[in-house]
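# Close look at the chain arrangement
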Amino acid sequence: MIAKKAVVIDHLTKTFDDATALADLNVEIKAGELFGLLGPNGAGKTTTINILCGLQEPTSGSVRICGFDVGNGTRKVKELIGVCPQEPALYSYLTGRENVELFGSLYSVPKDRMRKNIDALIEKIGLTEDANRRVSKYSGGMQRRINLAVALVHDPDIVFLDEPTAAMDPQSRHAVWDVIRDLNRQGKTIILTTHYMEEAEQLCDRVGIIDHGELVALDSPAQLKAQYCEETLEDVFIQLTGKRIREEPK
Amino acid sequence: MNFPRVSSLTKKEQKKLLREPAALFLIILFPIALTLAFGVSFGAVGGTSATTYQVGVINADVSPNHSWSQHFVANLAASQILKVTMYTDEAAAHADLAQGKIQALIVIPANFGISCDSFAAAPSDATRWIATSIPLYCDSGSMFATQAIPPLLEQALATTLSGAHTAAVALPVQIESPSLVQATERSAFDYMVPGIFAYAVIFLTMTVAQSFTVDREKGLLRRIGITPTTPTEFMTSQSVANMGIAVVQVALVFAVAFAVGFRPNAAVPGLVLAFGIVAIFALCNVGFGLITATVAKSPGSATGIAFLFILPQMFLGTFVAAASSGVQAAAKFVPSYYVTDALTSLLLRGAPVTSPLVLKDIAVVVGFSFVALVVGVVLFRRYGNA
Ligand SMILES: Nc1ncnc2c1ncn2[C@@H]1O[C@H](COP(=O)(O)OP(=O)(O)O)[C@@H](O)[C@H]1O
Ligand SMILES: [Mg+2]
């Protein structure tokens, strides 16, 4: 049986006025795969996610999700995908639970199933106790966790997570990793962007390394390490680009 | 259109209003405080505290002997309590009564002198009297006027016919029981109330602009955009929410105004239509808010730009409007003017809901609101949602 392609990125190029954010990106992601898009700040990870969920138009090339062209089949695609944006996007005057409920109500999921999803999600991200407090009172880590719950509330088949653990305390980070592993076990297709190499190594079936909008490597973490004879993905990245993935603070 | 979706987005707006102190203040508390302040400052009605009553008199007596009616008027004027204003034009007299300038109006009948002569000729033989009657119109809104004025008139009449100290039991001239006239004794505050309604609603421009710029900055508009929510559903939720907010605003202002003495001269259909106009006007301000959010780069600049819509509407079209001819000419270009005008007709002048003046105002408000909303939505979708 041929694995179904959940996401197909085909000769994707995106240029802004002065800069090329993505240059001829080609990636195919199988259904049920946990794919890591790895790269330093400004590599083009968020731009890729934005185009995948229809927020930005590609300059050229195309993206397809479950066979639907994102440009034309956007309505169909929208029910299939869940997106966790890099910066938490939440209504600060609503409680954590109300945010999750509000976004859940925008999808066509039966009410009782939605309620179960919400309770389970809130428990999984460890916010049961704080669910009824306003988001404005949340710490950064709590906001990021609710941000993730909002992305998953409608039980999407394909999940885009844009740096879900950036700037998180270790406790929150492990809670998020658990959620991601869980999603993977349920057979969801996950595209995760990160600039933490160890996160990609721990979680991902396959990683694509991008730098300045170009894909410089694409394989499983183990294969990449073997191919470049390196101990860690970080070292693979240095070998490929001649620089560290995270700029050292000056 | 998916109604559960629209309804949950609408409910979110309601929660926002109740939970965000800035919005709650601007939209609810400020108009209420304003109404209270103006009600207390300008609410006193000129006539009620006075111990004199203005009585209009039309002397229609055409009898050969004029002296009777002249005495009667003189006796009325001699009273400490009544102040007499003579009218020759009946319509003008009724208009003044309706506006509360006078509290009562009497018409001395054509045969007054003849009737009085017949009494003087045979004071004790009622069968030879020529009877007549004096129509009396009283301001129904002034309880004192309806109670106090008829006896004072009787007394002046008795004095005229039989001298100061005679208590005549019967007279040929009867003062008719008063016809009550819906006189509107209006304070300066009453004339402000329709303008305060419009005033409250124009601030929606600012809250809408704020809400869209903040939500855009936080990535919430994009996040909504990722869901299956259509732009039409989203804009519908915003429109419905703000119409609801406007109605609540005006209901609260109305209640407070009522508490401090405002009495609309309107029946239920007039009131319902007044609230309908306010709801439509809310859409106009949603449109202005969207235009503001399109132009504004940040929530901070949105506040400033919103004032470009708020100030002209406020100074040209609400109770703050000055009565100069320049202002009145310019006022024709702001929608709030038509809202205030329609509400004044409906709530103060007692205009029926089908009155052409009101319908014309409504047509203009609907036109403004439609254009503002369409332009706002199109501009924001094309240039503001990046
Ligand atoms: N709206 C935009 N206008 C201009 N340049 C942009 C815009 N969005 C992203 N870029 C540029 O595109 C490149 C990729 O950005 P991004 O996708 O956000 O990177 P990453 O998410 O990997 O950190 C960066 O150089 C960034 O400056
Ligand atoms: Mg990014």
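Preceding block: the structure.
Residues numbered from 1 in each chain as written. Chains lettered and ligands numbered in written order. Predicted model: local features only at pLDDT ≥ 70, side-chain atom pairs only at ≥ 80, totals over all residues. Heavy atoms only, no water.

### Points about the packing of aromatic side chains
Residue and element names in this part refer to chain B. How we decide: For this analysis, a ring pair means two rings from Phe, Tyr or Trp (six-membered ring only for Trp) whose centres lie within 6.5 Å, classed as stacked if their planes differ by under 30 degrees, edge-to-face if by over 60, and tilted for the remaining angles. When accessible area is computed with a 1.4 Å probe and restricted to protein chains, residues below 20% of their type maximum are described as buried, those above 50% as exposed, and intermediate ones as partly exposed. In this scheme, the term charge over a ring applies when either NZ of a lysine or CZ of an arginine sits within 6 Å of the ring centre and within 35 degrees of the ring normal.
The full count for this structure, using the stated rule, is 17 aromatic pairs over all chains. Ring geometry for Y337 versus Y338: centroids 5.1 Å apart, planes at 90°, classification edge-to-face. Its relative accessible area of 22% is what places Y337 among the partly exposed residues. Classification of Y338 by relative accessible area gives buried; the value is 8%. Following the ring pairs from residue to residue traces out a cluster consisting of F197, F254, F258, F262 and F275. Taking NZ or CZ as reference, R263 lies 3.9 Å from the ring centre of F258, over its face.

### Some details on the sheet that holds strand 5 (residues 68-69) of chain A
All names here are of chain A. Here is the rule: Two strands form a pair only when DSSP identifies at least two bridges running between them. Working definition: helices are DSSP H or I runs of at least four residues, strands are E runs of at least two. Numbering for both runs from the N terminus.
The strand order 2-1-4-5 describes an open sheet built from four strands, whose pairing is antiparallel. Lying at the two open borders of the sheet, with one neighbouring strand each, are strand 2 (20-30) and strand 5. By the bridge criterion, five bridges tie strand 1 (residues 5-15) to strand 4 (residues 60-65) in an arrangement that is antiparallel. Residue pairing across strands places I9 opposite V63, the latter belonging to strand 4.

### Brief notes about the side chain of E163 of chain A
All names here are of chain A. Rules: The contact criterion used throughout is that any non-hydrogen atoms of two residues lie within 4.5 Å.
Residue placement: E163 occurs in the loop between strand 7 (158-162) and helix 6 (170-185). With relative accessibility at 4%, the residue E163 sits in the buried group. In contact with E163, not counting residues within four places along its chain, are N41, K45, Q86, R144, T193, T194 and H195.

### A closer look at unusual backbone geometry
Most peptide bonds take the trans configuration, and most residues that are not glycine carry a negative phi. Residues and elements named next belong to chain A. Phi is positive for A167, which is not a glycine, with a value near 55°. Mapped onto the elements of the fold, A167 is located in the loop between strand 7 and helix 6. The backbone of H212 shows a phi angle near 50°, a positive value even though the residue is not glycine. Assignment of secondary structure puts H212 in the loop between strand 9 (206-211) and strand 10 (214-219).

### Considerations on the packing of helix 8 (residues 204-217) of chain B against helix 11 (residues 268-295) of chain B
Residue and element names in this part refer to chain B. Applied cut-off: Inter-axis angles, ranging from 0 to 180 degrees, are taken between N-to-C directions of lines fitted to C-alpha atoms, where helices are fitted over the stretch in contact. In this scheme, roughly parallel covers angles under 35 degrees and roughly antiparallel covers those over 145, while 65 to 115 is roughly perpendicular and the rest are oblique. Crossing handedness is defined as follows: a turn of the near helix away from the far one that is anticlockwise and smaller than a right angle gives a left-handed crossing, while the clockwise case is right-handed. Under this grouping Gly is polar, as are all residues other than the nonpolar Ala, Val, Leu, Ile, Met, Phe, Trp, Tyr, Cys and Pro and the charged Asp, Glu, Lys and Arg.
The N-to-C vectors of helix 8 and helix 11 enclose an angle of 40°; their axes lie 7 Å apart at closest approach. The angle between the axes of helix 8 and helix 11 places the two elements in the oblique class. Between helix 8 and helix 11 lies a crossing of right-handed hand. Facing L204, T205, V208, A209, F212, T213 and R216 of helix 8, the residues of helix 11 in contact are A282, N285, V286, F288, G289, L290, T292, A293 and T294. In terms of residue class, the contact of helix 8 with helix 11 is built from nine nonpolar, six polar and one charged.

### Topic: helix 7 (residues 188-202) of chain B
All names here are of chain B. Counted only if it meets this: Residue count minus one, scaled by 1.5 Å, sets the expected span of a helix. What is called the bend at a residue is the angle between a pair of axes, fitted to the seven residues leading up to and ending at it and to the seven starting from it.
Here helix 7 spans 22 Å end to end across 15 residues, near enough to the 21 Å set by a 1.5 Å rise per residue. The largest bend in helix 7 amounts to roughly 35° and is located at P194. Burial of helix 7 is extensive: 13 of the 15 residues sit out of reach of the surface.

### Observations regarding the coordination of the magnesium ion (ligand 2)
Ideal coordination angles are 109.5 degrees for a metal with four donors arranged tetrahedrally and 90 or 180 degrees for a metal with six donors arranged octahedrally. All names here are of chain A. This is how the line gets drawn: Here the term donor refers to an N, O or S atom within 2.8 Å of the metal (or 3.2 Å for Na, K and Ca), and because water is left out of the atoms, sites may appear incomplete.
The protein atoms that coordinate the magnesium ion (ligand 2) are T46 (OG1) and Q86 (OE1), at distances spanning 1.9 to 2.1 Å. Of this pair, T46 sits in helix 1 (residues 45-52) while Q86 sits in the loop between strand 6 (81-84) and helix 3 (96-105); the two residues are 40 residues apart in sequence, bridging distant segments of the chain. In this structure T46 comes out as partly exposed when scored by relative accessible area, which is 28%.

### Observations regarding the environment of D24 of chain A
Residues and elements named next belong to chain A. Here is the rule we go by: Pairs of N or O atoms within 3.5 Å make up the polar contacts considered here, provided that, within protein, one atom can donate a hydrogen while the other can accept it, and that residues adjacent in sequence are counted only when both atoms are side-chain atoms.
Its place among the elements puts D24 in strand 2. When the C-alpha positions of D24 and D155 are compared, they lie 31 Å apart, and in sequence the two are 131 residues distant. Those residues in contact with D24 that lie beyond four places of it in its chain are H11, L12 and T13. A polar side-chain atom of D24 sits 2.7 Å from a polar atom in the side chain of H11.

### Notes on the interface of chain A and chain B
What counts is decided by this rule: By buried area we mean how much accessible surface two parts lose on assembly, using a 1.4 Å probe and totalling the loss over both. Here a salt bridge means any side-chain nitrogen of Lys or Arg lying within 4 Å of a carboxyl oxygen belonging to Asp or Glu.
At the interface, 29 residues of chain A touch 21 residues of chain B. A per-residue breakdown of the area chain A buries against chain B is headed by Y91, Y93 and L106 of chain A, which together make up 30% of the total. Among the ionic pairs, E98 of chain A bridges to R19 of chain B, the shortest N-O distance being 2.7 Å. For the interface between chain A and chain B, the tally reads eleven residue pairs in polar contact (both at pLDDT 80 or more). With four residues, the single largest contributor to the side of chain A that touches chain B is helix 3 of chain A. Here the residues of the side of chain A that touches chain B are counted per class, giving 18 nonpolar, six polar and five charged.

### Structural notes on the environment of F307 of chain B
All names here are of chain B. You can see F307 is positioned in helix 12 (residues 299-317). Owing to a relative accessible area of 30%, F307 belongs among the partly exposed residues under this scheme. Expressed as a C-alpha distance, the spacing of F307 and N75, which sit 232 residues apart in the sequence, is 60 Å. Ignoring sequence-local partners within four residues, the contact set of F307 consists of M206 and P312.

### Notes on a nonpolar patch on the surface
Convention followed: A residue counts toward a patch only above 30% relative accessible area and without a salt bridge, and it is joined to like-charged neighbours within 9 Å or, for Val, Leu, Ile, Met, Phe, Trp and Tyr, to nonpolar neighbours within 5 Å. We get accessible surface area from the Shrake-Rupley algorithm with a probe of 1.4 Å; when it comes to residues, only the shown protein chains can shield them.
Taken together, the side chains of F370, V371, V374, V375 and V378 of chain B present a nonpolar region at the surface, about 430 Å² in accessible area. Relative to the elements of secondary structure, V371 of chain B occurs in helix 15 (residues 356-384).

### A few points about the site of ligand 1
All names here are of chain A. Put simply, the rule is: Any residue with a heavy atom positioned within 4 Å of a molecule or strand is treated as near that molecule or strand.
Around ligand 1, the neighbouring residues are F16, A21, P40, N41, G42, A43, G44, K45, T46 and T47. A distance of 2.7 Å separates an oxygen atom of ligand 1 from a polar backbone atom of G42. Between ligand 1 and T47 there is a distance of 2.5 Å, counted from an oxygen atom to a side-chain nitrogen or oxygen. Its free accessible area being 560 Å², ligand 1 has 60% of it covered by the protein chains. If you tally residues by element for the shell around ligand 1, the top one is helix 1, at three residues. Here the shell around ligand 1 is composed, by residue class, of four nonpolar, five polar and one charged.

### Brief notes about the side chain of S8 of chain B
Relative to the assigned elements, S8 of chain B resides in helix 1 (residues 3-19). Side-chain polar atoms of S8 of chain B contact the side chain of S105 of chain A, separated by 2.7 Å.

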